[in-house]
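Structural characterization, general
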Amino acid sequence: MIEFRSISKTFPGGTTAVDDFSLVIPSHRTTVFVGSSGCGKTTLLRMINRMVDASSGDLEIDGENVSTIDPVRLRRRIGYVMQNSGLLPHRTVIDNIATVPRLNGVPRKDAHERALQLMDTVGLDRSMAERYPSQLSGGQQQRVGVARGLAVDPNILLMDEPFGAVDPIVRAELQQELLRLQRELGKTVVFVTHDIDEAFLLGDQVVILEKGARIAQKGTPEEILANPASDFVASFVGADRGKRALSIREIDGARVLVDADGTVAGRLVEAGPS
Amino acid sequence: MTWILANIEQILELSIEHVRLSILPIVLGFIIALPLGWVAHRYQLTRGLILTLVGLLYTIPSLALFVILPPLLGLPFIGEANVLIALTIYAVAIMARSTADALASVDRDIQQAATAMGYSSWRRFWAVDFPLAGPVLLAGLRVVAVSTVSLLTVGVIVGVDSLGYLFTNGYQRGILESVLAGVVATVVIALLFDRILALVGAWLMPWTRVKGAS
């Protein structure tokens, strides 16, 4: 469990990125911070591994205040995946994945063995082990990034817009992979995105943020869609338009759902036991 | 041509001497410039100051430097030490700026990622920043190498025998071939250094050789 308690962050220069933020992030679930750029979501994420230190307030991981943990050691036990993969361009795929175990002193041979297994886990062919990141496609690089984030089998995985820079088809594929991985591994995932569809797809808990990391609404995707807390949320999730505003139309006795553009989205059936 | 053939042994000897004398200033210049460039890169306030001062060193004419250094450092005018120190100063003058530029060329996202992985700053410097600065460092070092090989010829003024001897010899005795031989040999050695550095660089930085898929 990760707990933010009245966290604020003012950067030198006076911008307040985070203003009195409190939140509990449950273990083994995916929590998504979603908001427009500059809302402070990445700052929140980076506070968890102390890439950014809070100006005031407390942040605890399983009851331990992070400010009491050496940042370098803290980071080695938290997985981190970022946009554009952040892979080390001068290291091969296998060495990139083995980075953190090697930092922790795991022998090279063991770290490489584990890295190969992780390549299987994230759906990368082992033949790519000796390639350099520049020789991979964007989607493959991102998979390496995820494998690297998982290398020390961390409890917590931080993901900062990890699929932001790949094309939509690859993004959809990677999102499905992440859902599959999460079903298998059950990590505490904290995911940052500006894409509300991605947030709803991946998040068990979705936190919609306004400027200054003020929580506009938090809840499950269902809760948020069913009851947007404000006009801001309604407009942000697009509840009032497009693919989300479905209406019922009767055609020959059957009830079909039509979206705001008049396109048929599906058929209305009674929900069976799931 | 006959003069060259008749004196080929001396030309070769001077060439070897030239190579030997060139290596130390290049190596020392690189090593000394590294912390200077790092400080200039790391602390923006010192950047202008350090790089300007170091850059000014390069504008001191070599003859003047040969005259100033001995009394300053308590060295004899005639001798290798005088020339080697002067050439090291020039090497630092070029390399310090290259080092600062090289470190600035490293992608910030990658540095951030490395920090997020759990690299301490010292370890990150050697494992990430330094190797990734490699291509720009190498470019600077190649300039230093060629410049050092060329400047060394002036050392003959203070009695250090290098290919520069062929210039003074040719001038004093009116032998054009001697001067030409000196020029050609200097250029060949400069190109040799440049080539070797490029090859060593490619060997040390294999990732710069791969062709990108995307």
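A brief look at the structure comes next. (Residues numbered from 1 in each chain as written. Chains lettered and ligands numbered in written order. Predicted model: local features only at pLDDT ≥ 70, side-chain atom pairs only at ≥ 80, totals over all residues.)

1. A short note on unusual backbone geometry
Residue and element names in this part refer to chain A.
- With phi around 50 degrees, Asp 20 is a residue other than glycine that occupies positive phi space.
- Turning to its location among the elements, Asp 20 is positioned in strand β2 (residues 16-25).
- Here the phi dihedral of Asp 153 falls at roughly 50 degrees; this positive angle occurs in a residue that is not glycine.
- In this fold, Asp 153 is placed in the loop between α6 (138-150) and β7 (156-160).
- Overall, Asp 153 belongs to the exposed group, with 12 C-beta atoms counted inside 10 Å. (Helix = DSSP H or I, 4+ residues; strand = E, 2+ residues; numbered from the N terminus. Buried ≥ 20, exposed ≤ 12 C-beta atoms within 10 Å, placed from the backbone.)

2. Regarding the sheet that holds strand β4 (residues 56-61) of chain A
Residue and element names in this part refer to chain A.
- The four strands lie next to each other as β2-β1-β4-β5, forming an open sheet whose pairing is antiparallel. Of all the strands in the sheet, just β2 and β5 (64-65) have a single pairing partner and so form its edges.
- The pairing of strand β1 (residues 2-10) with β2 spans six bridges and is antiparallel. Bridge assignment links Ile 2 to a residue of β2, and that residue is Ile 25.
- The sheet strands contacting helix α1 (residues 41-48) are β1, β2 and β4, and the helix crosses β2 at an angle near 60 degrees. (Pairing = 2+ DSSP bridges. Contact = placed C-beta atoms within 7 Å. Axes fitted to C-alpha atoms, helices over the stretch in contact; angles between N-to-C directions.)

3. Structural notes on the nonpolar core
- Ranked by size, the top nonpolar core spans 120 residues in total, and within it Ile97(A), Ala147(A) and Ala96(B) carry the most contacts.
- Examining the composition of this core, we find that 14 residues originate from one element, helix α5 (residues 80-104) of chain B, more than from any other.
- For Ile97(A), the residues in contact, after removing those within four places along its chain, are Ala115(A), Leu118(A), Met119(A), Val144(A), Ala147(A), Arg148(A) and Ala151(A). (Core = buried A, V, L, I, M, F, W, Y, C linked by C-beta atoms within 7 Å.)

4. Describing the interface of chain A and chain B
- Facing 21 residues of chain A, the contacting portion of chain B comprises 20 residues.
- Looking at the side of chain A that touches chain B, the elements that each hand over two or more residues are α2 (71-76), β6 (78-82) and α4 (99-103) of chain A.
- Its residues assigned to classes, the side of chain A that touches chain B shows ten nonpolar, nine polar and two charged. (Nonpolar A, V, L, I, M, F, W, Y, C, P; charged D, E, K, R; others polar.)

5. Focus on the sheet that holds strand β13 (residues 264-267) of chain A
All names here are of chain A.
- On the basis of which strands lie adjacent, the open sheet formed by three strands has the order β11-β12-β13 and antiparallel pairing. Sheet topology places β11 (247-251) and β13 at the edges, where each strand pairs with a single neighbour. Here the average twist between neighbouring strands, direction ignored, is 35 degrees.
- Pairing between β11 and strand β12 (residues 254-258): five bridges, direction antiparallel. Considered in β12, the bridge of Ser 247 is made with Val 258.

6. Quick notes on the environment of Trp3(B)
- By the element assignment, Trp3(B) lies in helix α1 (residues 2-6).
- Along the chain, Trp3(B) and Ala116(B) lie 113 residues apart, while their C-alpha atoms are 66 Å from each other.

7. So, the packing of helix α3 (residues 44-59) of chain B against α5(B)
Residue and element names in this part refer to chain B.
- Here α3 crosses α5 at 145 degrees, and the two axes come no closer than 8 Å. The handedness of the crossing between α3 and α5 is left-handed. For the pair α3 and α5, the contacting residues are Arg 47, Ile 50, Leu 51, Val 54, Gly 55, Leu 57 and Tyr 58 in the first and Ile 89, Tyr 90, Val 92, Ala 93, Ile 94, Ala 96, Arg 97 and Ala 100 in the second.
- A class-by-class count of the residues in the contact of α3 with α5 yields twelve nonpolar, one polar and two charged. (Left-handed = near helix turned anticlockwise from the far one by under 90°.)

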